[in-house]
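Commentary on secondary and tertiary structure
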Amino acid sequence: MTTVEEPKTTTFDDNDQKPVGFGRMLRKEDPRLLRGRGRFTDDVQLPGMLHLAILRSPFAHARVVSVDTSAAEASPGVKAVVTGETLKGLGLAWMPTLSNDVQAVLATDKVRFQGQEVAFVVAEDRYAARDALELIDVEYEVLDPVIDVRQALAPDAPLIRDDLEGKTNNHCFDWETGDADETEAVFARADVVVKQDIVYPRVHPAPMETCGAVADFDAVEGRLRLWSTTQAPHAHRTLYAIVAGLPEHKIQVIAPDIGGGFGNKVPIYPGYVCAIVGSIVTGKPVKWMEDRSENLISTGFARDYIMRGEIAATRDGKILAIRTNVLADHGAFNGTAAPVKYPAGFFGVFTGSYDIEAAYCKMTAVYTNKAPGGVAYACSFRITEAVYLVERIVDCLAAELQMDPAELRLKNFIQPDQFPYTTKTGWVYDSGNYEPTMRQAMEIAGYAELRREQEEKRARGELMGIGISFFTEAVGAGPRKNMDILGLGMADGCELRVHPTGKAVVRLSVKTQGQGHETTFAQIVAEEIGIPPADIEVVHGDTDQTPFGLGTYGSRSTPVSGAAAALVARKVRDKAQLIASAMLEVTVADLEWVKGSFQVKGDPAKAVTIQQIAMRAHGAGDLPDGVEGGLEAQICYNPSNLTYPHGAYICVVDIDPGTAQVKVRRFIAVDDCGTRINPMIIEGQVHGGLTDGVGMALMEMISFDEDGNCLGASLMDYLIPTSLEVPDWETGYTVTPSPHHPIGAKGVGESATVGSPPAIVNAVVDALQPYGVRHADMPLTPSRVWDAMRGRATPP
Ligand code: MCN
Ligand code: CUM
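Bear in mind that the values here come from a model prediction, so they are computed numbers and not experimental data.

Let's talk about the sheet that holds strand β32 (residues 662–672)
In spatial order, the strands read β21-β31-β32-β33; together these four strands make up an open sheet with mixed pairing. Edge positions in the sheet fall to β21 (463–472) and β33 (730–733), since each has one partner strand and no second. Here the strands of the sheet are splayed against their neighbours by 15 degrees on average, with no regard to which way each runs. Helix α13 (residues 447–459) contacts β21, β31 (646–655) and β32 of the sheet and is inclined by roughly 145 degrees relative to β21.

As for the pattern of salt bridges
A side chain of one charge can pair with a side chain of the opposite charge when the charged atoms of the two come close. The tally for this structure, following the rule as stated, stands at 50 salt bridges. The partner of E518 in a salt bridge is R32, with the nearest N and O atoms 2.9 Å apart. Taken together, the residues E518 in helix α14 (residues 517–529) and R32 in helix α2 (residues 30–34) connect sequence positions 486 residues apart. Relative accessible area serves as the criterion here: at 12%, E518 is assigned to the buried category. For R458, the salt bridge identified is with D766, shortest N-O distance 3.7 Å. Of this pair, R458 sits in helix α13 while D766 sits in helix α18 (residues 751–767); the two residues are 308 residues apart in sequence, bridging distant segments of the chain.

What to know about the coordination of the copper atom of ligand 2
Inspection of the coordination sphere of the copper atom of ligand 2 shows a single protein donor, C379 (SG), at 2.2 Å. Relative to the assigned elements, C379 resides in the loop between β18 (373–374) and α10 (383–401).

Points about a negative patch on the surface
Taken together, the side chains of D68, E73, D137, E139 and E141 make up a negatively charged region of the molecular surface. Looking at the negative patch, the element that brings in the most residues is strand β8 (residues 137–142), giving three residues. Within the fold, E73 resides in helix α3 (residues 70–74).

Brief notes about α14
The first and last C-alpha atoms of α14 sit 18 Å apart over 13 residues, in line with the 18 Å expected at 1.5 Å per residue. At the exit of α14 stands G530, carrying a positive phi of roughly 75 degrees.

Considering the site of ligand 1
Around ligand 1 sit 33 residues in total, of which G261, Q515, H517, T558 and V748 are the nearest. F262 has a polar backbone atom sitting 3.0 Å from an oxygen atom of ligand 1. Here an oxygen atom of ligand 1 sits 2.6 Å away from a polar atom, N or O, in the side chain of H517. Of the residues belonging to the shell around ligand 1, the class tally is 10 nonpolar, 19 polar and four charged.

Section: a nonpolar patch on the surface
A cluster of nonpolar side chains, namely L90, I280 and V281, defines an oily patch on the protein surface of about 260 Å² accessible area. Take I280: its relative accessible area is 41%, and that puts it in the partly exposed class.

What to know about unusual backbone geometry
Glycine aside, residues mostly have negative phi angles, and peptide bonds mostly take the trans form. Note the cis peptide between F419 and P420, where omega equals -5 degrees. The omega angle of the peptide bond from M778 to P779 is -10 degrees, so this bond is cis rather than trans. Relative to the assigned elements, P779 resides in the loop between α18 and α19 (782–789). Located in the positive-phi region is Y377, a residue other than glycine, with phi close to 65 degrees. Here Y377 lies in the loop between β18 and α10. What makes Y377 buried here is its relative accessible area of 2%.

A short note on the packing of helix α11 (residues 405–412) against helix α12 (residues 434–445)
Angle between the axes and distance between the axes are the two parameters that describe a pair of packed helices. Packing of α11 against α12 brings their axes to within 10 Å, and their N-to-C directions diverge by 165 degrees. Judged by the angle between their axes, α11 and α12 are roughly antiparallel. Crossing geometry of α11 relative to α12 is assigned as left-handed. Here A406, R409 and L410 of α11 lie close against α12, whose contacting residues are E435, M438, R439 and M442.

Considerations on the packing of aromatic side chains
Here the structure, examined in full by the defined rule, presents 24 aromatic pairs. Ring geometry for F59 versus Y140: centroids 5.2 Å apart, planes at 75 degrees, classification edge-to-face. Here F59 is found in the loop between β1 (50–56) and β2 (62–68), whereas its partner Y140 is found in strand β8, with 81 residues between them in sequence. Judged by its relative accessible area of 30%, F59 falls in the partly exposed class. Note on Y140: relative accessible area 18%, which makes it buried. Taken together, the ring pairs in this structure connect Y342, F346, F381, W427 and Y553 into an aromatic cluster. The ring of W786 has R790 sitting right over it, with the charged end atom 3.6 Å from the ring centre.

A few points about the pairing of strand β15 (residues 301–313)
For β15, a buried count of 12 out of 13 residues is recorded, marking the element as mostly surrounded by other parts of the structure. The pairing of β15 with β18 spans two bridges and is parallel. Pairing of F301 across the sheet is with G373, part of β18. Sheet topology note: the β15/strand β16 (residues 319–329) ladder contains nine bridges and is antiparallel. Pairing of I306 across the sheet is with L327, part of β16. Linking β15 back to β16 in an antiparallel pair, the connection comprises five residues, with G317 at a positive phi of about 90 degrees.

With respect to the environment of G373
By the element assignment, G373 lies in strand β18. Taking the C-alpha atoms as reference points, G373 and G514, 141 residues apart in sequence, are found 22 Å from one another. Those residues in contact with G373 that sit more than four places away from it in its chain are G300, F301, H330, F333, G335 and T336.

Focus: the pairing of strand β28 (residues 597–600)
Residue alternation in β28 divides its side chains into two sets, S597 and Q599 and F598 and V600, and both sets are buried. Relative to β28, strand β27 (residues 591–594) runs antiparallel, the two sharing four bridges. When the sheet's bridge partners are listed, L591 is paired in β28 with V600. Where β27 hands over to β28, the hairpin turn is made up of two residues, of which G596 adopts a positive phi near 100 degrees. Examined bridge by bridge, β28 and strand β29 (residues 603–609) share four bridges and lie antiparallel to one another. Residue V600 lies in a different strand from β29, and its bridge partner there is D603. Where β28 folds back onto β29 in an antiparallel hairpin, the turn is made up of two residues, including G602, whose phi is positive at roughly 80 degrees.

Examining the sheet that holds strand β30 (residues 632–637)
Strand order across the open sheet formed by four strands is β26-β25-β24-β30, with mixed pairing between neighbours. Lying at the two open borders of the sheet, with one neighbouring strand each, are β26 (536–539) and β30. Strand-to-strand twist across the sheet, computed as the mean angle between neighbouring axes with direction ignored, equals 15 degrees. Judged from the five bridges that link them, strand β24 (residues 492–498) and strand β25 (residues 504–508) form a sheet pairing that is antiparallel. Each residue of the ladder has a partner; that of R497, found in β25, is V505.

Things to note about the site of ligand 2
Every residue near ligand 2 is listed here: Q231, F262, G263, V375, A376, Y377, A378, C379, S380, Y553, G554 and E750. A distance of 3.1 Å separates an oxygen atom of ligand 2 from a polar backbone atom of G263. Within the shell around ligand 2, the residues separate by chemical class into seven nonpolar, four polar and one charged.

Cut-off values and rules
Residues numbered from 1 in each chain as written. Chains lettered and ligands numbered in written order. Predicted model: local features only at pLDDT ≥ 70, side-chain atom pairs only at ≥ 80, totals over all residues. Heavy atoms only, no water. Pairing = 2+ DSSP bridges. Helix = DSSP H or I, 4+ residues; strand = E, 2+ residues; numbered from the N terminus. Axes fitted to C-alpha atoms, helices over the stretch in contact; angles between N-to-C directions. Contact = heavy atoms within 4.5 Å. Salt bridge = Lys/Arg side-chain N within 4 Å of Asp/Glu carboxyl O. Buried < 20%, exposed > 50% of the residue type's maximum accessible area, 1.4 Å probe, protein only. Donors = N, O, S within 2.8 Å, 3.2 Å for Na, K, Ca; no water. Patch = residues over 30% accessible without salt bridge, like charges linked within 9 Å, V, L, I, M, F, W, Y side chains within 5 Å. Areas by Shrake-Rupley, 256 points an atom, 1.4 Å probe, with all protein chains shown as cover. Lys, Arg positive; Asp, Glu negative; His and termini not counted. Charge placed at Lys NZ, Arg CZ, Asp CG, Glu CD. Expected span 1.5 Å × (residues − 1). Near = heavy atom within 4 Å. Polar contact = N/O pair within 3.5 Å; in protein donor to acceptor, adjacent residues only side chain to side chain. Nonpolar A, V, L, I, M, F, W, Y, C, P; charged D, E, K, R; others polar. Parallel < 35°, antiparallel > 145°, perpendicular 65-115°, else oblique. Left-handed = near helix turned anticlockwise from the far one by under 90°. Phe/Tyr/Trp six-rings, centres within 6.5 Å; stacked < 30°, edge-to-face > 60°. Lys NZ or Arg CZ within 6 Å of the ring centre and 35° of its normal.

Here is the structure:
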């Protein structure tokens, strides 16, 4: 366990001085972003550019009888009006989703969720386009919607996906993992079995910047340029190539600055395809930017899992088995984005951080008349749901056994000598040392003292709760042997060029949306070849400028592209060593790498810096035999396993017994993401994720009325947390490097969002113990807490 004080964050000026590598460093992208010089999709202005607006369905389920666009076409400034029928003629009415389903670009037969795309207008400006939407006359025949996911498979449920041949019900997929019989046998001999129904409600990533695109199709060159809010530019380009029938080298996808993604910008949305079609039919560049309501009602939601958790244990608190049954609401189209063999994402890690004997999960996924999505909102491919399930059910067990929840966890952790540890559902945890992380969190919290304080307060009728969660994530998808998205293997390219004067450019396939890649990837390269981060330009987000790779989500950038960056730098360093040996007239074996230069072993005065080597690599005179000129390399990195970060979180809440308002008084987060590249950025990631956690646990939910109207269509109704709702975060860390990652780093971008909701809910339930409450579903708004205190179940 590392407990040394981190050095202070450097200033921008210090950045220039900083010789190498890892440590706190202000973000290279911030001078641009903080001074308003960022360039987002909506900042793109092209000569003659037109504007696109989308007409969306007011109904959750309806047949499209007719669409009359004549009045809209005659409206001032309108250049084109396109309907599903127009697209059908072009073979573009439907597009593949990233989960091997199909989704309507514009509705032809039916609309299947409120907010679905029905037609679009391209006009001279945004206002003219919006105004013309009002003039499109759509006749709908309203159908009964399927809103309650529990009713989706009822024999008389209306059929949503009659577009799929032979489909007779709303079943989407079944999935199972673990061993049902073995698990049943262990449950049968357990002293204690606890069962709890747990709902992870539908939430939305709601990034500050909504989704959008600017499409520019050049009919003469047959070339498409698309600026878009995408977390995965290369994967999107391949999909456009397939959908539009254009060759990839004629498509350039550019993801400029992105104002938050959180998984919302992984899928391909109909709007992107509409912008492309709009540019093709008008012959002009076309911009589409959705508004806040469009983003909330129609783009990738997250969660929506109804789970039944069961846990079996001995009387003295040894956990034996965990079993769960999940009903997953996928909305109208399976628009989630998970590796093909993992339709439920990585939910299979629901056995958590515990050494148990058996586990089993059975999942049924269904279609409903709601927006598509599923994998989004810092979910680590559904590990959010898995961690919430296991950490809630472990707390239920602690309550049943009347055991301290920290003690129960400590007693069941996978032990350090058990790593690599294969779980009962087949995941190989690469490394971990859980107890020190847990102990550190307890120490920062002053756990024993908090329990004493709670006892005193309970005696006075005050409601104080302490909640714990401990998580292990699986991030860094993934080994290409079993992970691909639509047949594209999940490996990442990376390219490094060192210029004659010793400045460098590293080209990445991943794309930051706020995570600070321009800084941390420069640090990784700096650490390996000793060029200061300030001299290393990070190029990303443009398919013409960067090697192929699968993009940023599932906290995979550091585990996959971070490894690629380290290895490509080592490749360059190996070449530099050959050149250095010629410059110093010694053999390669006689050279030693000392941050930034090669020295002759035992004679440090004889040395050449990487900058001198770079000049030599490009300069006059011969190079050693077999060494080509230049100093650059390229790599495609295929990880051998995922990385498994972990963390211990403790939350302290106070609840006002008169109003049932929950206040998060303290929150302690101790994270272990292996080797830490930039502790300041890691803390930023953790702070943001914890804030997400407060939002989900206490405020956020996308719900629907019985007609399928979305009740969270604006930020007036969909509440997201601000600085007022969150405490001063107390963070700590431990370092357990990943054994298979070249620098030992694990991902961290989603850890806090994954780990914090159960800690908060566990704290609220703990506070309500005097009322006999054993569980309450998120979001724990005052009305839900009030209901729980009065023994009333919350309506779904
Ligand atoms: N890092 C580090 N040391 C480590 C691990 C990570 O210094 N051991 C740094 C990385 O170099 C990177 C950042 O922390 O700068 C996050 O790295 P990583 O964990 O690899 O995650 P990704 O870069 O792949 O980011 C994706 C992740 C996801 S999936 C969501 S969702 C999310 C998140 O990041 N969306 C975000 N954090 C976000 N933060 C912002 N500001 N905006 C979003 O949209
Ligand atoms: Cu699951 S949200 Mo992130 O993986 O982009």
